[in-house]
Amino acid sequence: MFRTIADFERAWSHEGAETLKVLKALDDASLKQPVAVGHRTLGRLAWHLTGTLAEMMNRTGLAVEGPAEGAPAPAHAAEIASAYERSSRSLLMQIKERWNDAALLVEDEMYGDKWARGSTLLALVSHQAHHRGQMTVLMRQAGLKVPGVYGPALEEWSAFGAPPPEI
């Protein structure tokens with residue numbers, strides 16, 4: 001649970017930038033890469049991740065800019081990345097302008113339960129990391145270069161002067 005706005009801002013600045021890096025590495029063809037037959041595609045996961053910023057956080061009384069619930073995923077990866085970037089900026093702006101540290105203890109109705117806002121923010125960050133991880137696997141399956149998030153990706157080790165880990 002986040003207990004200060006400053007702590008969330010630091011975490012979100014990093015997490016949002018890493019997610020945007022992953023989204024910007026997508027191309028239009030990769031959006032069709034499915035998890036499995038009958039499951040979400042890479043494009044649908046990217047759009048879900050983007051839409052969740054407003055969908056989840058607007059339940060707390062914020063007015064985060066984002067795609068309408070149920071809006072179809074764009075066919076162009078750049079549109080998804082752009083929408084995510086706008087929503088991410090809007091989220092941080094809304095929190096900094098409308099909440100203080102005490103507001104993180106306020107409880108809101110969330111999916112049939114009550115969550116403290118600091119817990120909602122942690123759930124948002126965790127949700128994003130979860131789907132970002134799924135996306136990197138699908139990116140490999142789609143033949144894309146995967147950017148490093150919490151450390152270098154396979155192709156990035158040489159820039160650190162080190163061999164990639166054994167496969």
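Up top you'll find the structure we're talking about.
Residues numbered from 1 in each chain as written. Predicted model: local features only at pLDDT ≥ 70, side-chain atom pairs only at ≥ 80, totals over all residues. Heavy atoms only, no water.

A. The side chain of H48, seen in detail. Tracing the backbone shows H48 in helix α2 (residues 42-57). Excluding residues within four positions of it along the chain, H48 makes contact with R40, H127 and H131. (Helix = DSSP H or I, 4+ residues; strand = E, 2+ residues; numbered from the N terminus. Contact = heavy atoms within 4.5 Å.)

B. Molecular detail of the pairing of strand β2 (residues 113-116). For strand β1 (residues 107-110) and β2, the ladder comprises 4 bridges, and the chain directions are antiparallel. Among the inter-strand pairings, E107 is bridged to a residue of β2, identified as A116. As consecutive antiparallel partners, β1 and β2 are separated by 2 residues, and within that stretch Y111 has a phi angle of approximately 55°, a positive value. (Pairing = 2+ DSSP bridges.)

C. Representation of unusual backbone geometry within the structure. The backbone of Y111 shows a phi angle near 55°, a positive value even though the residue is not glycine. Mapping Y111 onto the fold places it in the loop between β1 and β2.

D. Spotlight on the pattern of salt bridges. Under the defined criterion, the tally for this structure stands at 10 salt bridges. Of the charged contacts, one joins R59 and E55 as a salt bridge, the two residues approaching to 2.7 Å between their closest N and O atoms. Look at R59 and you get partly exposed, because its relative accessible area is 36%. Of the charged contacts in the structure, one is a salt bridge between D108 and R117, with a shortest N-O distance of 2.8 Å. The same class applies to D108 and to R117, which are both buried. (Salt bridge = Lys/Arg side-chain N within 4 Å of Asp/Glu carboxyl O. Buried < 20%, exposed > 50% of the residue type's maximum accessible area, 1.4 Å probe, protein only.)

Purely geometric stuff here, so don't read any function into it on its own.
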